[in-house]
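Observations on chain architecture
Below are the chains, spelled out letter by letter.
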Amino acid sequence: MKFSQLTLACLAAVAVSASPARAGDFLSFPIPEDALVIPAVTGSSEDASIGDLIALYSAATGQFCVMDEETRNIAQNTKISSQPGEKLAIAPDRVQVTFEHMLASQGFALEVLTHTQPRLFAVKSFYSRARQTIKSAARLIASDEVSKAAAHPAMFFTTVVQLEGVDARQVANSMRQMVADPNTTMVLSTSQSSIVLTASGPALLELHNTLAAIQAAHAQQAEAARQAQARQARALQGAGRPGTSGV
Amino acid sequence: MSLGSGPAVVIVPADATLGDVVGLWGDSLAGAGTPEILWDTEAAAAALQPLGLNDSLTLPLSQLENTTHGLLLWAGLVVVSGPGGDTILSRERVRSGQATRVDSDLLLDGAIADAEFVTTVHASPGSTARESSLRQLADSWGVELSGTEVLVLTGPARQVTELVRTLRAI
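Residues numbered from 1 in each chain as written. Chains lettered and ligands numbered in written order. Predicted model: local features only at pLDDT ≥ 70, side-chain atom pairs only at ≥ 80, totals over all residues. Heavy atoms only, no water.

Let us now look at the domain arrangement of chain A. All names here are of chain A. Segmentation of chain A into domains returns domain 1 (1–130) and domain 2 (135–247). Contacts between the two partners involve 16 residues from domain 1, matched on the other side by 14 residues from domain 2. The contact between domain 1 and domain 2 buries some 1,200 Å² in all, and 71% of this surface belongs to carbon and sulfur atoms. The largest share of the area that domain 1 buries against domain 2 comes from Phe26, Leu27 and Glu100, three residues that together contribute 42% of it. Joining domain 1 to domain 2, the criterion identifies zero salt bridges. (Domains from an automatic or database assignment. Contact = heavy atoms within 4.5 Å. Buried area = accessible area lost by both parts, 1.4 Å probe. Salt bridge = Lys/Arg side-chain N within 4 Å of Asp/Glu carboxyl O.)

Here it is, written out as structure tokens:
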């Protein structure tokens, strides 16, 4: 089956005003010129929805969002907030993180579909059938760059953490009890010394920091044990010399 | 049709469907003499899905393929390459044997479009690697994984690439 061509005009020599993001630089977002104004929340049925927020975000940033029909209906029927509040002006350099925070707080995720301008994102709802595909959109990020992911509460990332002198399987098993939703978060030991983490940006940073703390605590214990052994060895050595006390 | 000189663009209207965008992509390929893109019967229903854009989208022609593949993945579809041209199928219906064999270096270089259904091989991360965990990892990305010392990875190019990158980091 094939679909007939849609008649659309092809225009040439359109100046591209913004240089495209580097390939792979998927955490580069444009900063709008003006503040993003979020309407006041009064508790009435007329209050802005998540669908309205997405439209505001797209208009302000030039980034485009797609949604399937189920998600679109959920977005239109989900208010930005259930708590009444004043009109809010979001500073240009805070638009991205605030937008994602509002999405995440109402159960939506943001998936990067394209890297170059104009960028395309998919919005998915945790309460839709697309829920099961949210983890598959996770992007690998280097362990030493996890702090960059923390500014993206609606996006999902994967990182690999290498551990030394610690049983990765045991650590992963204990940390797995911290995971509230296995559809969106994963802690997996893939070898004796490595753990793969998948989660939203801020959650990924928390898990990463927890592993770092476990590693540091283990290293301290190991050092303390080594020093205790060294003292004991010195004590035994001293007791064995001729003329020492006790002889 | 182009006017003047410089890079061409396409305009995707706000009420466009996935099928409309794929049609544009197909037209751009037809201009280069590439065989037409076909839809599997079951996948065709996804073509009617509106994108839900808030405004019309102006795309440089050079990004049309990248954008189309991103949208296909979003809709749960993959592209299977064959001698007669490309076919779009549902991810759930495609068979492993339909995957195009590619070198993992090509995936890492970004040379394979995101929704291409591919298979590649990669060495296991090491003797201590846990097979069940690697399978679980692959499954989280919707990638089929088989083998022990040499892993065979099959799935959409984007997800296979993420898995290859992760395996190299383990």
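All names here are of chain B. Taken in spatial order, the four strands of this open sheet run β6-β7-β9-β8, and their pairing is mixed. On the outer flanks of this sheet lie β6 (100–101) and β8 (144–146), each paired with one strand and no other. Note: β6 against strand β7 (residues 117–123), two bridges, orientation parallel. Across the sheet, residue Thr100 finds its bridge partner in β7, namely Val118. (Pairing = 2+ DSSP bridges. Helix = DSSP H or I, 4+ residues; strand = E, 2+ residues; numbered from the N terminus.)

The next subject is the nonpolar core. Of all hydrophobic cores here, the largest spans 44 residues; its most connected members are Ile54, Leu103, Leu110, Val187, Ile195, Leu197 and Leu211 of chain A. Here this core spans two domains, since at least three of its residues come from each of domain 1 (1–130) and domain 2 (135–247) of chain A. (Core = buried A, V, L, I, M, F, W, Y, C linked by side-chain atoms within 4.5 Å. Buried < 20%, exposed > 50% of the residue type's maximum accessible area, 1.4 Å probe, protein only.)

The partner chain B presents 57 residues to the 50 residues of chain A that form the contact. Roughly 4,600 Å² of surface becomes buried between chain A and chain B when both sides are summed, with 60% attributable to carbon and sulfur atoms. Between Arg158 of chain B and Glu111 of chain A there is a salt bridge, and its shortest N-O distance comes to 3.9 Å. One can count 14 residue pairs in polar contact (both at pLDDT 80 or more) joining chain A with chain B. For the side of chain A that touches chain B, the class distribution of residues is 27 nonpolar, 14 polar and nine charged. (Polar contact = N/O pair within 3.5 Å; in protein donor to acceptor, adjacent residues only side chain to side chain. Nonpolar A, V, L, I, M, F, W, Y, C, P; charged D, E, K, R; others polar.)

Glancing now at the sheet that holds strand β4 (residues 77–82) of chain B. Residues and elements named next belong to chain B. Pairing is mixed in the open sheet, where three strands are placed in the order β2-β5-β4. At either margin of the open sheet sits one strand with a lone partner, and together these are β2 (38–39) and β4. The pairing of β4 with strand β5 (residues 85–90) spans six bridges and is classified as antiparallel. Of the residues in β5, the one forming a bridge with Leu77 is Ser90. Relative to β4, helix α2 (residues 64–74) is tilted by about 120°, and along the sheet it contacts β2, β4 and β5. (Axes fitted to C-alpha atoms, helices over the stretch in contact; angles between N-to-C directions.)

With that out of the way, let us pick up the pattern of salt bridges. Close approach of charged atoms allows side chains with opposite charge to pair. By the definition in use, this model includes 13 salt bridges over all chains. We note a salt bridge from Arg131 of chain A to Asp181 of chain A, for which the minimum N-O separation is 2.9 Å. Placement of the pair is Arg131 of chain A in the loop between β6 (120–125) and β7 (139–140) and Asp181 of chain A in the loop between α5 (168–175) and β9 (186–189), with a sequence separation of 50 residues. Under the relative-accessibility criterion, Arg131 of chain A is labelled partly exposed at 24%. Taking relative accessible area as the criterion, Asp181 of chain A reaches 19% and is therefore assigned buried. Arg135 of chain B is paired through a salt bridge with Glu131 of chain B; the nearest N and O atoms lie 2.7 Å apart. Of the two residues, Arg135 of chain B and Glu131 of chain B both sit in helix α4 (residues 131–140), four residues apart, roughly one turn of that helix. A relative accessible area of 35% means that Arg135 of chain B is categorised as partly exposed. Residue class for Glu131 of chain B comes out partly exposed when judged on its relative accessible area of 37%. One salt-bridge network, held together by shared partners, links Glu111 and Lys124 of chain A together with Asp114 and Arg158 of chain B.

All names here are of chain A. By the definition in use, this model includes three aromatic pairs over all chains. Both rings, one in Tyr57 and one in Phe99, keep their centres 3.8 Å apart while their planes meet at 5°; by these two values the pair is stacked. Linking Tyr57 in helix α1 (residues 50–61) with Phe99 in helix α3 (residues 95–105), this pair joins segments that are 42 residues apart in sequence. On the basis of relative accessibility, which here comes to 0%, the residue Tyr57 falls in the buried class. For Phe99, a relative accessible area of 1% translates into the label buried. Centre to centre, the rings of Phe126 and Phe156 are 6.3 Å apart; their planes meet at 85°, and the pair counts as edge-to-face. Here Phe126 is found in the loop between β6 and β7, whereas its partner Phe156 is found in strand β8 (residues 156–162), with 30 residues between them in sequence. The pair Phe126 / Phe156 is uniform in exposure class, with both members buried. Between the NZ or CZ atom of Arg119 and the centre of the ring of Phe29, over which it lies, the distance is 5.0 Å. (Phe/Tyr/Trp six-rings, centres within 6.5 Å; stacked < 30°, edge-to-face > 60°. Lys NZ or Arg CZ within 6 Å of the ring centre and 35° of its normal.)

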